[in-house]
Each structure stands twice: as structure tokens, then as C-alpha cells.
Amino acid sequence: MNISRKANSLFRAIIFILVTCCCFSACIPVKVKDWPTGKPFLYDSKIELKKDNLSKDEAKLLAANLANYWVDSMRLPLVQKYFIIKKLIHPPVFDSTNILKSEKFMNSYLNSEGYYQASFTDSISIDSTTNPTQKRVSIVLQVDPHRPVVIDSLGYAFKDTTLQKVAMAGYKKSNIIQHKTRFTKEAVANELDRLVVSYRNIGYYKLTRNNLIAEVDTTDAALLKLTLDPFEQALKMAQTAARRKENPSAVIIIKQREPTDTLLVNSSKEDFVQYKIGKVNFFPETRLNEIPDSTLLHLNQFTDTFPLRNRYVSIYSRERKFVPRPMLEHLYFRHGDLYQDSSFFKTINNLNAIGSWQQVDYINRIQGDSLNTNIFMIPAIKQNITTDLEGSWNTGDFISSSNMFGLAVNLTYRNRNVWRRAIQSITNLRTGVELNIANTGLSNNLLQTLQIAGSHSYSFPRFITPFFKIRGRKLDAVSTVLTVNGSYTDRKDYFRLRSYVANWGYEWKKGNANWQFRPVNFELYSLDTLRLLDTAMKYNPYLTKAFNTGKVISQQLNYNVTFPNSHIPGSNYLRFAFEESGAIVGLIKPLHDKIYNYVRFEGEYIKHYDFRKTQFAMRAFAGAGVNYGSTGKFGLTLPFFKQFIAGGPNSMRAWNLRQLGLGSNLQSDTSSSFRDRYGDMQLELNLEYRYPIFALGSVKVNGALFTDIGNVWNIKKDPDLPNAEFNINRLGKDVAIALGTGVRMDFSYVVLRIDFGVKLKDPARLENGGWMSIKNFTWRNEEFADVIPPNPITGKQLYRNNYAFQLGIGLPF
């Protein structure tokens, strides 16, 4: 108890110190070190942005980015120590010309964002009274961006009728919206790129952005009307200047660059020719040191040549390592077709994605109005064997609470070209043991757990369907995957678990999205309970429901996509997964009561905001599953191997793995023999702010502040588990909240992290509505100390912590 009081006092002292530092850090003056003697030096520089014509988000973005355009000699070399002390080391000598240079850089940046009428006003003050030996120069730069220039209209004036027709047909696809889109270099460049993509997909192989030119006119049309009255002309000029200042606009006309253009850009008539596909030559056995140009000059070195498709496609081979089929199935253009960038690079990328070739390159040669394509493919190493050794230390076994040392060996054999058809094959064997090194637990045997597992998979680089053929021309990286795996786990004196899983499915990509569909997924689990587990079940009947096994015949659909942020740099990741078991196969009467009947859905969204040195990350997860079986043979819940869990290094980090939930039910928290929780529903929200601390050579040490919010529940009400089912009216009481910090060591190839989380709100905490009390904080929750008896198997007293340390590899999300 004395230790708990001391820890409580220490925790409150740390909180007090942190709050005090935050409050007074701004009041502590900056210390100057190694300043230039007798010369004015830069002590402070600020930017004051006029925000009259800006939205809140625009003002934030401009203010943050403008600070990056001070010239180097105008940047303050500030160093912060101990979170509160700021030091200015080697401040630069003040030079007024650097202000003009900075204004020039800032004006260029504002122009790139569409602000062409920005004005700058600087004020300089010198302080020589605070420290008579120093001449401190403070600069305040006032920036008024004024209104941005808006694109008034967009037009096309191509002499080539085909180019003009395509441009007009795709006008609605332009990202430029008249009277709304700002006139920026990026907006114009994006429009030119869009046109180039359109043209290169209709045969214009040699056309690039250099062949197009955008003419910009900011002149007011009213000034073009002739008048003999000089006063009228002066009035028009004044009115135009006022309109331009109030609503500046520009007219853009895109043309083709003429070959006689005097600018230093090459443009020829050949750039505006539509090319058709000629011959296609594959070289699937290209050597790593082979020079493609030399190969094309010595085609007689190939012993085997396979002319296909009316001799317009040829495969040149020396050793017949590959049959033609995988190349022809991933060739997305034919002789006589107009050249298309999309189909050409789709072919190259899909051949690369198969995995049988480590590199795929090409050389195109023009012959008249035809384009001959030569594809050079360097084979990957066909077969290899790898081994991995894994070690772990388990200090909280879910039944015996013993200290276990785990050791596992993985042996993987990979074949990248099965039957010469570019089929990928992976065979994996795994064997592992858990050793009772500390000689703890009811059993004194050294060997506590033995696990043996094996898996084998084939990945065919095409869709294989029983009744019809799917070409998949609009898809990328298509494959058919067959997987079989089995495992055997012997937990000495507790249980023997056998599993067998086999599935057949399809995988493909479309853009940034990845799809996986398994129409057939078969899972079989068999469990033998032994002496010590039978004893645990007598004290905790929930174990009988938790260890429910049976057959699963299901269909699975998975989808994920990544995409960038629209404004602030960063990325987004979205994932959905759906599984159904029993609805179709369950219609067969002999199988009706022998397989699980359930539906299961989960979704995940991860978003990152990347700042110059820091990052803000957020994750939202939701999952639910319903056992709709009517026989009652398999209980009311999902099978335990399909249920959701919370806690651990990647979830609710103030709780250990599987130690949160269900809802606000207390049965697991007050159990003396089994505390793991599995639920049919999970909601979770994670927020994390990541920042650098220091670097040790090439190792970066980063920190993080995080909060985790969520819980797991059951869907159906169980009288034996009160308050374990999800109820929207009880959500405020059931939700758990973690608050914590962490340290991450980034070795570039792997990230090791340690997170420390405190249970800010614990649904199993009886007092204060579950909220942590800072005044009466304790590291251990003693509420059930007199309720929880010792573990009937090990004889040890169990306890509940108000915190948790988590060791993880990689970032949590």
C-alpha cells in the first residue's frame, strides 16, 4: 500500500510539473548564445497575414507555408531544451537585402497559389536596451495576398481537327471550372496533362506536354473597344483597374505548339501523327547483363521462335523456360490497334506483377505509322528456400498465468514458375514449442506447448472459372489462388487443437483498389479438452461457450483502397471485409445442423496528416457478426476464432491483449481462472500525434501521444452475461478510453516501439462512473481484491492494473 501511495504522489507531481511547464514556457525569454559582437543580429521574425479575403483553412495553410520561404539567413536557429528553455545559437547578422529576397520568394509562392496582386510591408525594430552588448533586430512582415486570380474561361484552338474534337469532347472532364478555379501553374499543368493522356490513348505516341502551349490573357475586353474620346478611354482604364483589383480573372486558350516555335522546345510534325500497333516481340529469358539494343541486332542467337497471331506476335526463347500463354493472356493490345498508353503500360505492369520476372522493360521502334514493341523480361530466381527463427516471452498465459519462453522455426519453399506457366507456389512448414523455463504453473514439465503447421498455395496469373471465361481486360494483377493449410497444437494437460483450412479465390486490382473474393472457404476445427482445462471450466462455465468448434463453409469478400488527402499532405486507407457461412451450403439437409450459420462484417478507415516534422494519425474500426443458426448446437455467438478482441499493442493499449469487455460485464474481470474476452461486435477509435525527439546516428527516436476509445460486445443477450450485449442506451457507460504516450525507435528497416497507456475510463471500474480519479489515482485497481479468489489451477492471486505497457513492431496504424 505504501508503494501505491508513493507512485500516486509521483504521478501527481509529474502532472503538476507538466502543466506548470506549459503555462510558463511562453513567459521565459529566449537566451542568446554566440551572437555577432557589435553588429545587429536577427532576434525575431514574424509574418502577419491579412485574412480579409481568406477562409479559415486558407489562412492557416498560407501562414504555415509562407514561413518556409524566409531565406536561410532570415531563419532563426532556435533550440528548445527541457520543453521550456529556448536558446538562439549563432544568430545571423541582419542584412536588409535578405528581406527583399524573402519577399520575392514569398511572392513566387503566392503566385503559384493564384495570388498575383500580393503586397508586402515590413517593419524593423532594434533593441539595444535589454542587453547593452547586443543589438537585437525584430522584423514583422505584413503580407496582404488580396484576391486570387480566377479563370474566367477555358478554350481550345487546335489546328489539327482530331485534337480539337477530342479536346471539346472531354471539356466536361476538365478540373477547371469557369469563374471558380484559381489561375495557378498547377491548374494549367493539370489541364495540359489531362489532354496529353487523352491524346496518347488515341495513337499520339510521341506527343508530350511540350507539344502544347497555354496562352493566358488577363486584359479586360472593354479596353479593346476603340474610342476617340481620351476621357472615355481613361474612365474605362480606371474602371478596368478597379474590377481587376476586386475580381481579377484570366482567359486561357490551349493550342498546339508549332514546329517553328522559337522557344527552346523541340516540336516536330511527327509528334502529331497517330501510330498503330505493329509487331510485338517477347524476350522472356533476357539475361541480367544483356543489352537490349544488341539483342535486337542478333536475333539469330535464339534457338526457338514462336510466331503467333498471324506472325505479328513472336516469342524468342533459348531454353523454353516459359510457355506462351502467360504472356499472351497479359497482352492488352493487338496488331492494327491505335496505340494507347493505358493498354501498353497495363501490359508492362501486369507482367511485372506476376512475380516470375524480376524486371520487365521495353523498347519501341517506329516504322512508318506503326509502332513495333519489344518486351524484355528478366526471369526471377525460380526456386528458393528461406528459414526464419522466432522467439517470444509470454508472461500472462490466458489460463495458467505462467511464464513461457516460445521458440519457432519457419521453413518456406517458393517456386516462381511452376510447370513453365508462371504459376507461383509457396510451401510453408512451421514448428514451435513453449518452454516452462521458470518452472511455474500447475505442471512442472519443461515442454508446455507443441505446435506443428503446414500450408501450400498456388497462384495462377489468370481467372480460372468452371463455366465461363473471364478476360479481365479492365482489371490489373488478376490471379486465382488455391490455399490449403493445417495445424496441430498440443497444450500439455489443457487441450489438443486440430485445424484444417482450404479455400479457392480470386484477387485483382482496379486503380488503387484491391479486391479478394473467395467463393469457397472450408474450415474445420477439432478440440480435445484435457484435465486442467476441464478444471477451469468447472469454475468458469463461460469457457464452455468460448471453446466452441465446428465446421465453416463460407464465402469471403475483401476490399481495400488507398488514396491521398485532398488538401493537407497525407494518405487514406479504407478496408471492408464480409463473410457469410451456411446460407447456401446450409440448404443441403445433411449439412444443415453441422456447419455454422453466420454473417460477419468489418470496416476500417485510417487517415494520416503529414506535416513538416510531425504526423497526426487516426483510425476508426467497426465490426459485427451474427450467428443466425436455429439449432442452438453452436451457441448464440460467432465461433471464437471469428470473434473480435480488443487490447494489446495495436488496439486499446491500456489493456492487455483480449482483456477488455464484454461491454460493462464484470464476469471476466472478477474471474480467477479465465479473463480472455471474445465478442461479436467491436467499435474503436484511435488518435495519435507523432513527433521527433532526437536521432542517434541513423536511428531516429520518435515520440507519440495517443488516445484509444472503444470496446467489444455480444450481439445477442445472454442471461449468464449481464450487460455484455450492445445497447445504444448504455454506450456511454460501456465505452472504454485509454490515454498514453510512447517511444518509437526507427531503424529504417524496422520500427520498435514501447507504448504506455492509462485507463482513463474503464467500464469495469465501479467508482466515479468508470472515470479515473487523479486525486485518488492508484496503479492497481483494488475494487475486487476481496472478491477474486486465487486461481484454482495455479493457486496464484490475480489482480487488475490501471495501466499497461505494450511492446510492438511497426506503427500501430
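That block above? That's the structure.
Residues numbered from 1 in each chain as written. Predicted model: local features only at pLDDT ≥ 70, side-chain atom pairs only at ≥ 80, totals over all residues. Heavy atoms only, no water.

J.: Honestly, the packing of helix H4 (residues 161-169) against helix H5 (residues 185-200) in this entry has me stumped. Any pointers?
T.: Pairs of packed helices are described in terms of their axes, by the angle between the two and the distance that separates them. Packing of H4 against H5 brings their axes to within 10 Å, and their N-to-C directions diverge by 120°. By the angle between their axes, H4 is oblique relative to H5. Between H4 and H5 lies a crossing whose hand is right-handed. Judged by residue contacts, Leu163, Val166 and Ala167 of H4 engage Leu195, Ser198 and Tyr199 from H5. Grouping the constituent residues of the contact of H4 with H5 by class yields 5 nonpolar, 1 polar and no charged. (Axes fitted to C-alpha atoms, helices over the stretch in contact; angles between N-to-C directions. Helix = DSSP H or I, 4+ residues; strand = E, 2+ residues; numbered from the N terminus. Parallel < 35°, antiparallel > 145°, perpendicular 65-115°, else oblique. Left-handed = near helix turned anticlockwise from the far one by under 90°. Contact = heavy atoms within 4.5 Å. Nonpolar A, V, L, I, M, F, W, Y, C, P; charged D, E, K, R; others polar.)

J.: Explain the packing of aromatic side chains to me, please; I cannot follow it from the model alone.
T.: Counting across every chain of the model gives 36 aromatic pairs. Note on tyrosine 458 and phenylalanine 460: the rings are 6.2 Å apart at their centroids and 35° apart in plane angle, and the pair reads as tilted. Each member of the aromatic cluster is reached from another via a ring pair, and the members are Tyr205, Phe333, Tyr339, Phe344, Phe345 and Tyr362. Positioned over the ring face of tyrosine 332 is lysine 346, at 4.9 Å from the centre of the ring. Against the face of phenylalanine 813 rests arginine 690, its NZ or CZ located 5.3 Å from the ring centre. (Phe/Tyr/Trp six-rings, centres within 6.5 Å; stacked < 30°, edge-to-face > 60°. Lys NZ or Arg CZ within 6 Å of the ring centre and 35° of its normal.)

J.: Honestly, the packing of helix H2 (residues 56-66) against helix H3 (residues 97-112) in this entry has me stumped. Any pointers?
T.: Look at H2 against H3: their axes get within 11 Å of each other, and the N-to-C directions meet at 145°. In the crossing of H2 with H3, the sense of the turn from one axis to the other is right-handed. Contacts from Leu61, Leu62, Asn65 and Leu66 in H2 reach Met106, Tyr109 and Leu110 in H3.

J.: What exactly am I supposed to notice about unusual backbone geometry here?
T.: Only a minority of non-glycine residues have a phi that is not negative, and only a minority of peptide bonds are not trans. Positioned with a positive phi, aspartate 34 is a non-glycine residue whose angle comes to about 60°. Tracing the backbone through its elements, the reader meets aspartate 34 in the loop between strand E1 (31-33) and strand E2 (40-49). Residues other than glycine seldom take positive phi values, yet arginine 420 does so here, at roughly 60°. Position of arginine 420 among the secondary structure elements: in the loop between strand E16 (404-418) and strand E17 (423-435).

Don't take any of this as a statement about function, it's just geometry.
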